[in-house]
Amino acid sequence: MSFLAPGEAIMGAISEGGSALCSSLWDKISASNNLDTIYGALNETVKTLLAKRDDYQNRLQRHKSKKATNTYIDWVDRVTKIENDVKDLEIRFKKENKRWRILGAGFRSEFCQELKDKRDRVLLLTEEGNQLGEFIVDPPAKPVELKGGPNIQKFYSLQMHLDKILDLLRNDKVKGIRIHGMVGSGKTAIMQSLNNHEEVGKMFDIVVWVKVSTEGSKENFSTEQLQRTVVQRLKLDMESTDDAQEVAKRIREGLVGKRYLLLLDDVKQDLNLYHLGIHESKNNCKIVLTTRFGHVCSSIVNRVIKVNCLSQDEAWNMFHDVLERPDLKADRKFSHLAWKIVKRCGGLPLVIKLVASDFRMRNNEDQWDDGFNNFRYWPDIKHEGMEELYKLLNFCFNNLNNAQKNCFHYGALYSEDSDIPIECLLECWAAEHFLGSNDDADKQRIHGRSILQQLKNVSLFEEGANTKYVRMHKIIRQVALHDSAYKHLVKTNEAMRKSPDMIHWLEKNWISLMDNELQTLPDSPDCRMLSTLFLQKNLSLKAIPPSFFRQMVTLRVLDLYCTGIVSLPQSLSEVISLKVLYLKDCIYLTKLPYQLESLQHLEVLDLQGTGVQSIPSFLKNLIRLRRLLVSFPKNNSYKVSSNCKVISELSALRELVIDVEAPRKQWGDKMLSTTIEKIVTLKLTTLQFRFTDETVDVIKVETETTYICVPDAAILGFFIKRDDLCFASFQVRIGWHSTSPKIPMSYPYERYMKCESYNPTVSELLAKADLFELINHRDTENLMEFVKSMNQVRGFQIESCNEIGTIVDGNSMMNSPILPNLEQLYINNLSMLKSIWEGHVPCGSLCKLKTLVVSRCPMLLKIFSQGLFQQLSGIQLLEIEDCFGIEEIIMESEDIGLDTHVLPNLEKMKLYNMPNLRSICANESFKWKSLKELEIHGCPRLNTLSFTMNNASNLRSIKTEQDWWDALQWQHHEVKEHFQQYCTFSVMATTTNAVDPIEAVGGENSRDMSSEAPSTSAHKRVLSAAEKGKAIASSGKRVRVDQSSGGHRGISIREAGTNLN
């Protein structure tokens, strides 16, 4: 490629003049019609881009054992394409330049614009390349990948083996350890606990877990399969070679200098680790393996741990731990039966767990007798093989109904030891009609979750990596495949490159070839009875034969997740019964065939992570499509808009999941709002956005509760107008806030709302709410616009509303009760709040208030007005914190004419960090008949208490500082002695790093709302001079040793501006 002098001159000028000239020069070039100049500039930008690509390729070559990221590979592909495009332009330029000079400016102008457009694309690619930075290769592997497994600490027989192994790992002379025991004895559980142990993560640079064989086989996996596991764990790039020797070399290089722990699970034969690429190391590396055979790998190990069965006492305790029925343990007859059952389990943890799970579901004596009579016919466990265990497992299977059995057997189609996505499993069950013929997807999902929970209760399924997954134990899976009534072909995770012969596909109901290396499929297999086909995780599968689906008219579930396919064959249109189609992460699939519109029964379609950027309009013909999962581009509003238009025409759609390849803030609230507005006309029960940094559920309807989260109140109106949504129970959030209510004990409230602004839409729903949180509202000085709609609200949190001067202005509502049902009121971080209530207090206002918590309100001067006292007879908890302007809790000027039984139900009073407070109540005639607990910290000017043995006879707990208590002034010494016996003192010792409470307002607070504390989520705020004038700095950070008059009770830490209960 040539580079002309004009372009070189321009780039030289840019280089010499610096970045300040860059923008103006490109502007001049863009405005120019000089073909030579524009062409030269394009060549220079391409030269810079290719140099950057070469630099990255050289860096990647230095890390040749590391795998390039998909982002980098995609960028290089696009650079190569544009390089070829520019070469084509160069050929045209040289060929046609003289002709264009003759033909005139019109032809040149068109070509000039084409060059400019290409140069703009080159510049964008260059800038994108600048952002790649260190992300050209995958990050290094984590030292430890945690494994799911049971807690063995309660079982000495297992825990002692773990402790012994840890001790052996500390011994430099020990190189290899064999954990030997029969199936189901707990070998893998011990090694899972070893893998997860905190000390292991500190002892080794990396822990590598390798599953060596599959249950039911007599052989280990092949060398290539084992190498693949190690390669994946070390994050090595092996796509360029299949040669086992070369892979071994790369593995050896990847482990150089590392102190590793190799964990080998279920070894059936001797292993040649040298062939795998694992050589003897001088870095004190270790190997631990599990096996049921006592002779394997004797050349590798020099220590053996023999795992025996649990003792009878441990088996008894484990049975009752799983049973979770302490009432039965005390019953003599039940205990007698349980003891016989435990003895028959032979001390095998797996069998104990399964049998106890079954008996956990039996609720009376007759059911237990029946279960025992069935169970006792099985022979005693001989521990000699699998047959006896299969018989015991069959005992649990036989207690399932037909739907449960079908669902259980279906789970065995997934790879051994793999995490099974619950949502996918439920969708497949529904498609197979295991959940009934009801067309209501919500009811089917509820039924499916009920069945799944039942299967988990009897330990046929286990918890997966997180709450979105389940697993099936390999032994149980083997039995499920053995006993299934459905004809199946299951060959998973066997590194197969060629699919089974067509004869094996005949008359099968289920086929699972997932997690292999398939490269080809049969042309047109005879699968007229096939209902489920799993081909997921076959990255080498690039093409599906054109006639492949021709004889699969009964197929209901097709999973092509994470395959390498570039297109779908036309024969897919003949799969007229198809209900579920998974295409997720088929990154090379860029277009959907129009034949897809023939799938009139399709209900679930997953397009996440595919190369399909534009959703074709013919999808609107899928009249039964109720669940759609798609990906939206990062910065392409046009495609987002066009995709939304197609989606809005899917009349049957009820669930929409949108995966966005960007963080939420980068995508922007405007884009999010626009997207919601375009599709909100659909009657969706699920609308979820999955950003790279968070997941936002815009709407979710489940268990008779409607959950809504929208960026502004205007969008909320669309949902409220829907006649299909029920708002008998709801949780609505307007704006981006935490998902959970901050008010403690919020679970009794069924109608919850959180927002930061007001409009009529908010008012309409607020009238139904019983829990309301107002956060960051900045447009009003009081809350009367909200209060008018809050007659049903029982819990109210107001936080970080910096314009609020008073909560309620009673003068604007003279006759109607205000907040008549409010039970909890939390006021936090209101910098301008001067009073809670102003003016008239209508009868019935706040008459049900039980909890009042006020914190970080530096301008607040008083808590109660005289009229307010009359309404607060029900208050039980009063807590005030960081309110530097308050001098009296009950102001002397307000207590004239008050009933002496002030706050008759007040049980707890907590006062924190109030340096100006000098009195709780000056009138000693007031009665505090219900007060039981008093806590005072950081109130140095409070030197008297108005409590006596008569007016506070129930006060039995006082938590405060020793120095402050000693300095209190008492009219009668016997009163001090009486209350001192109930004191827990805090010995305060000031440290050097003091904290100014003035600056701490609005900062972090150590107490959480869930423990009866005000919210502390606001950002740190510096007070104005006027606010600081209301505050006095306390003595800084202190350590408090709680003591009663009888001695120490504990140690706690307290900072100025920070509270600890």
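- Going by the annotation in an unreviewed UniProt entry, the name recorded for the protein is Disease resistance protein, with Actinidia chinensis var. chinensis given as the source organism.
- If you open the UniProt record of the protein and go to Sequence similarities (unreviewed entry), you find "Belongs to the disease resistance NB-LRR family."

**Some details on the overall build of the protein**
Next up, step 1: Helix and strand content of the protein: 32 helices and 36 strands.
Next up, step 2: Across the protein, the fraction of contacts at a sequence separation of at least 24, relative to all contacts at a separation of at least 6, is 68%.
Next up, step 3: With an accessible surface of roughly 47500 Å², the protein has 48% of that area assigned to carbon and sulfur atoms.

**Points about the packing of aromatic side chains**
Next up, step 1: For the structure shown, the criterion picks out 19 aromatic pairs.
Next up, step 2: Between Tyr486 and Trp510 the ring centres are 4.3 Å apart and the planes differ by 10 degrees, which places this aromatic pair in the stacked class. A residue pair is termed long-range when its members are at least 10 positions apart, and Tyr486 in the loop between helix 21 (474-483) and strand 9 (488-490) and Trp510 in strand 10 (residues 510-512) qualify at 24 residues.
Next up, step 3: By the ring-pair criterion, three or more aromatic residues cluster together here, those being Tyr410, Tyr414, Phe434, Tyr486, Trp510 and Phe534.
Next up, step 4: Sitting over the ring of Phe359, Arg362 keeps its end group 5.2 Å from the ring centre.
Next up, step 5: When the ring centre of Tyr707 is taken as reference, the NZ or CZ atom of Lys700 above it lies at 5.4 Å.

**Digging into the environment of Phe691**
Next up, step 1: By secondary structure assignment, the location of Phe691 is in the loop between strand 17 (686-690) and strand 18 (695-702).
Next up, step 2: For Phe691, a relative accessible area of 7% corresponds to the buried category.
Next up, step 3: Dropping the residues within four chain positions of it, Phe691 is found in contact with Val660, Ala662, Pro663, Arg664, Trp667, Leu672 and Val696.

**Thoughts on the sheet that holds strand 7 (residues 462-463)**
Next up, step 1: Taken in spatial order, the three strands line up as 6-8-7 in an open sheet, and their pairing is antiparallel. The sheet is open, and its two borders are formed by strand 6 (420-421) and strand 7, each paired with just one other strand.

**Quick notes on a nonpolar patch on the surface**
Next up, step 1: Together, Val566, Ile587 and Tyr588 make up an exposed nonpolar region whose accessible area comes to about 280 Å².
Next up, step 2: Position of Ile587 relative to the elements: it lies in the loop between strand 13 (580-582) and strand 14 (604-606).
Next up, step 3: Classification of Ile587 by relative accessible area gives partly exposed; the value is 46%.

**A few points about the packing of helix 18 (residues 402-411) against helix 20 (residues 441-457)**
Next up, step 1: Between helix 18 and helix 20, whose axes approach to 10 Å, the crossing angle comes to 75 degrees. Taken together, the axis directions place helix 18 and helix 20 in an arrangement best described as roughly perpendicular. Where helix 18 abuts helix 20, its residues Ala403, Gln404, Cys407 and Phe408 lie against Ile451, Gln454 and Leu455.
Next up, step 2: Partitioned by chemical class, the residues of the contact of helix 18 with helix 20 number five nonpolar, two polar and no charged.

**Observations concerning unusual backbone geometry**
Next up, step 1: For His433, which is not a glycine, the phi torsion comes out positive at approximately 65 degrees.
Next up, step 2: The phi angle at Asn829 is positive, at roughly 60 degrees, despite the residue not being glycine.
Next up, step 3: Judged by relative accessible area, Asn829 falls into the buried class, the value being 3%.

**With respect to the nonpolar core**
Next up, step 1: Ranked by size, the top nonpolar core spans 156 residues in total, and within it Phe689, Ile827, Ile889 and Trp928 carry the most contacts.
Next up, step 2: With five residues, helix 25 (residues 713-720) is the single largest residue contributor to this core.
Next up, step 3: Both of domain 4 (627-713) and domain 5 (734-955) provide at least three residues apiece to this core.
Next up, step 4: With 49 residues, the next largest nonpolar core counts Phe155, Phe204, Ala338 and Ala356 among its residues.

**A few points about the layout of surface pockets**
Picture a little ball the size of a water molecule; that probe, rolled over the atoms, points out where space is still empty.
Next up, step 1: Empty space within the second largest pocket amounts to approximately 460 Å³.
Next up, step 2: Taken together, 20 residues line the second largest pocket, and the ones lying closest to its centre are Asp439, Asp440, Ala441, Glu603 and Arg626.
Next up, step 3: Elements with a contribution of two residues or more to the lining of the second largest pocket: helix 19 (422-431) and helix 20.
Next up, step 4: Across the lining of the second largest pocket, the residue classes break down as four nonpolar, seven polar and nine charged.

**A word on the sheet that holds strand 5 (residues 303-306)**
Next up, step 1: Spatial strand order, 2-3-4-1-5: five strands in an open sheet with parallel pairing. The outermost strands of the open sheet, each flanked by one partner alone, are strand 2 (206-211) and strand 5. For this sheet the average axis-to-axis angle between neighbouring strands, irrespective of direction, equals 15 degrees.
Next up, step 2: Direction of pairing for strand 2 relative to strand 3 (residues 260-265): parallel, over a ladder of six bridges.

**Some thoughts on the pairing of strand 30 (residues 908-912)**
Next up, step 1: For strand 30, the tally of buried residues reaches four of five residues, placing the bulk of the element in the interior.
Next up, step 2: With five bridges connecting them, strand 28 (residues 877-881) and strand 30 associate as parallel partners. Paired with Glu879 across the bridge in strand 30 is Lys910.
Next up, step 3: Of the pairings in the sheet, the one linking strand 30 to strand 32 (residues 933-937) comprises five bridges and is parallel in character. Of the residues in strand 32, the one forming a bridge with Lys908 is Glu933.

**Brief notes about the state of the cysteines**
Next up, step 1: Going through the model one piece at a time under the given rule, you end up with zero disulfides.
Next up, step 2: For the unlinked cysteine Cys562, the closest cysteine sulfur is that of Cys586, found at 7.5 Å.

**Focus: helix 30 (residues 973-980)**
Next up, step 1: Of all the residues in helix 30, the buried ones are Val975, Lys976, His978 and Phe979. Across the axial projection of helix 30, the buried residues extend over an arc of 160 degrees, all falling on one side.

**Concerning the environment of Pro817**
Next up, step 1: By secondary structure assignment, the location of Pro817 is in the loop between strand 24 (806-809) and strand 25 (824-828).
Next up, step 2: Considered as a pair, Pro817 and Lys788 are 29 residues apart in the sequence and their alpha carbons are 9.8 Å apart.
Next up, step 3: Excluding residues that lie within four positions of it along the chain, Pro817 makes contacts with Asn791, Pro842, Cys843, Gly844 and Ser845.

**A word on the pattern of salt bridges**
Next up, step 1: Counted according to the given criterion, the structure contains 42 salt bridges.
Next up, step 2: The residue Arg626 makes a salt bridge to Glu603 at a minimum N-O spacing of 3.5 Å. With Arg626 in the loop between strand 14 and strand 15 (627-632) and Glu603 in the loop between strand 13 and strand 14, the pair connects residues that are 23 residues apart, well separated along the chain.
Next up, step 3: With its nearest N and O atoms 3.1 Å apart, the salt bridge here joins Lys754 to Glu773. Residue Lys754 is found in strand 21 (residues 751-755), and its partner Glu773 is found in strand 22 (residues 771-775); the two are separated by 19 residues along the sequence.

**Description of the environment of Gln57**
Next up, step 1: Along the polypeptide, Gln57 turns up in helix 3 (residues 35-62).
Next up, step 2: The class of Gln57 is partly exposed, set by a relative accessible area of 32%.
Next up, step 3: When the C-alpha positions of Gln57 and Val76 are compared, they lie 9.3 Å apart, and in sequence the two are 19 residues distant.
Next up, step 4: Residues in contact with Gln57, not counting those within four places in the same chain, are Tyr72 and Val76.

**Notes on helix 25**
Next up, step 1: Burial of helix 25 is extensive: six of the eight residues sit out of reach of the surface.
Next up, step 2: Buried within helix 25 we find Ala713, Ile715, Leu716, Gly717, Phe719 and Ile720.
Next up, step 3: If you follow the buried residues of helix 25, they end up packed against helix 24 (669-679), strand 18, strand 19 (705-710), strand 20 (730-734), strand 21 and helix 26 (760-766).
Next up, step 4: One side-chain oxygen at the N-terminal end of helix 25 lies 3.1 Å from the backbone nitrogen of Ala714; it belongs to Asp712.

**Describing the packing of helix 12 (residues 312-323) against helix 14 (residues 332-344)**
Next up, step 1: Between helix 12 and helix 14, the least distance of the axes is 10 Å, while the angle of their chain directions is 115 degrees. Crossing of helix 12 against helix 14: the hand is right-handed. In this structure, helix 12 uses Gln312, Ala315, Trp316, Phe319 and His320 to contact helix 14, whose residues at the interface are Ser335, Ala338, Trp339, Ile341, Val342 and Lys343.
Next up, step 2: Of the residues that constitute the contact of helix 12 with helix 14, the class distribution is seven nonpolar, three polar and one charged.

Criteria and thresholds
Residues numbered from 1 in each chain as written. Predicted model: local features only at pLDDT ≥ 70, side-chain atom pairs only at ≥ 80, totals over all residues. Heavy atoms only, no water. UniProt positions renumbered as here; feature names shortened; annotations may be inferred. Helix = DSSP H or I, 4+ residues; strand = E, 2+ residues; numbered from the N terminus. Contact = heavy atoms within 4.5 Å. Areas by Shrake-Rupley, 256 points an atom, 1.4 Å probe, with all protein chains shown as cover. Phe/Tyr/Trp six-rings, centres within 6.5 Å; stacked < 30°, edge-to-face > 60°. Lys NZ or Arg CZ within 6 Å of the ring centre and 35° of its normal. Buried < 20%, exposed > 50% of the residue type's maximum accessible area, 1.4 Å probe, protein only. Pairing = 2+ DSSP bridges. Patch = residues over 30% accessible without salt bridge, like charges linked within 9 Å, V, L, I, M, F, W, Y side chains within 5 Å. Salt bridge = Lys/Arg side-chain N within 4 Å of Asp/Glu carboxyl O. Axes fitted to C-alpha atoms, helices over the stretch in contact; angles between N-to-C directions. Parallel < 35°, antiparallel > 145°, perpendicular 65-115°, else oblique. Nonpolar A, V, L, I, M, F, W, Y, C, P; charged D, E, K, R; others polar. Core = buried A, V, L, I, M, F, W, Y, C linked by side-chain atoms within 4.5 Å. Domains from an automatic or database assignment. 1 Å grid on protein atoms, 1.4 Å probe; cavity = no way out; pocket = protein on both sides within 12 Å on 5 of 7 lines; lining within 4 Å. Points joined across faces, edges and corners; volume = space filled by probe spheres on them. Disulfide = S-S within 2.5 Å. Arc of directions from axis to C-beta. Polar contact = N/O pair within 3.5 Å; in protein donor to acceptor, adjacent residues only side chain to side chain. Left-handed = near helix turned anticlockwise from the far one by under 90°.

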